[in-house]
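# Results of the structural survey
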There are 2 protein chains.
Amino acid sequence: MEQFSVSFFEENFKQYIERNKDVFSKVHAMNAYYRSIVGTLINDHLNKNAEIVRRIRNLEEAYNNVKSEQ
Amino acid sequence: MEQFSVSFFEENFKQYIERNKDVFSKVHAMNAYYRSIVGTLINDHLNKNAEIVRRIRNLEEAYNNVKSEQ
């Protein structure tokens, strides 16, 4: 699976939700994961801004996909 | 106050925490606000990627400042 793709982030969201299900509701786990990933992506000064924005857009799309799943 | 500056986001975080204190803990409110702002910023196609990344970095800095306050 391609790193930083939509499906990559979808899988990571699901794993994070599963690992934290005893302490966080689904949406709280998703928001916590989202924040930590954005914080990491924007501190990556090796990548161009266009690539950073592309990755965050993929993260946002994955967030919306996983959130709407039952 | 300059829009999208660190102090702009700090103020918005504090207002969001205050408005949601009956339903969200501080950190959950902050993560929810952070997610919604990033989602908005990256969908702004009027701005250059460099400006989007600058705004998100300010948001991240404000997040860390407000989170560490008692």
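Everything here concerns the structure above.
Below is a summary of the structure that appears in this document.

Reading guide: rules and limits
Residues numbered from 1 in each chain as written. Chains lettered and ligands numbered in written order. Predicted model: local features only at pLDDT ≥ 70, side-chain atom pairs only at ≥ 80, totals over all residues. Heavy atoms only, no water. Salt bridge = Lys/Arg side-chain N within 4 Å of Asp/Glu carboxyl O. Helix = DSSP H or I, 4+ residues; strand = E, 2+ residues; numbered from the N terminus. Buried < 20%, exposed > 50% of the residue type's maximum accessible area, 1.4 Å probe, protein only. Phe/Tyr/Trp six-rings, centres within 6.5 Å; stacked < 30°, edge-to-face > 60°. Lys NZ or Arg CZ within 6 Å of the ring centre and 35° of its normal.

## Description of the pattern of salt bridges
Throughout the structure, instances matching the rule amount to 14 salt bridges over all chains. Here Arg54(B) and Glu2(B) are joined by a salt bridge, their closest N and O atoms 4.0 Å apart. One end of the pair, Arg54(B), is in helix α3 (residues 49–68); the other, Glu2(B), is in the segment before α1 (6–19), and 52 residues separate them in sequence. Take Glu2(B): its relative accessible area is 53%, and that puts it in the exposed class. A salt bridge links Glu51(B) to Arg54(B), with the shortest nitrogen-to-oxygen separation between them at 3.0 Å. Placement of the pair is Glu51(B) and Arg54(B) together in helix α3, with a separation of three residues, close to one helical turn. The network of salt bridges with common partners includes Glu2(A), Asp44(A), Glu51(A), Arg54(A) and Arg55(A).

## Thoughts on the packing of aromatic side chains
Geometry of an aromatic ring pair is reported as the spacing of the ring centres plus the angle between the planes. For the coordinates displayed, the defined rule picks out 14 aromatic pairs over all chains. Judged by centre distance (5.4 Å) and plane angle (45°), the ring pair of Tyr16(A) and Tyr33(A) falls under tilted. Of this pair, Tyr16(A) sits in helix α1 (residues 6–19) while Tyr33(A) is found in helix α2 (residues 26–42), placing the two residues 17 residues apart along the sequence. Across the pair, Tyr33(A) and Tyr16(A) agree in class, each one buried. Linked through ring pairs, Phe13(A), Tyr16(A), Tyr33(A), Tyr34(A) and Tyr63(A) together constitute an aromatic cluster. Taking the ring centre of Tyr34(A) as reference, the NZ or CZ of Arg35(B) above it sits at 5.9 Å.

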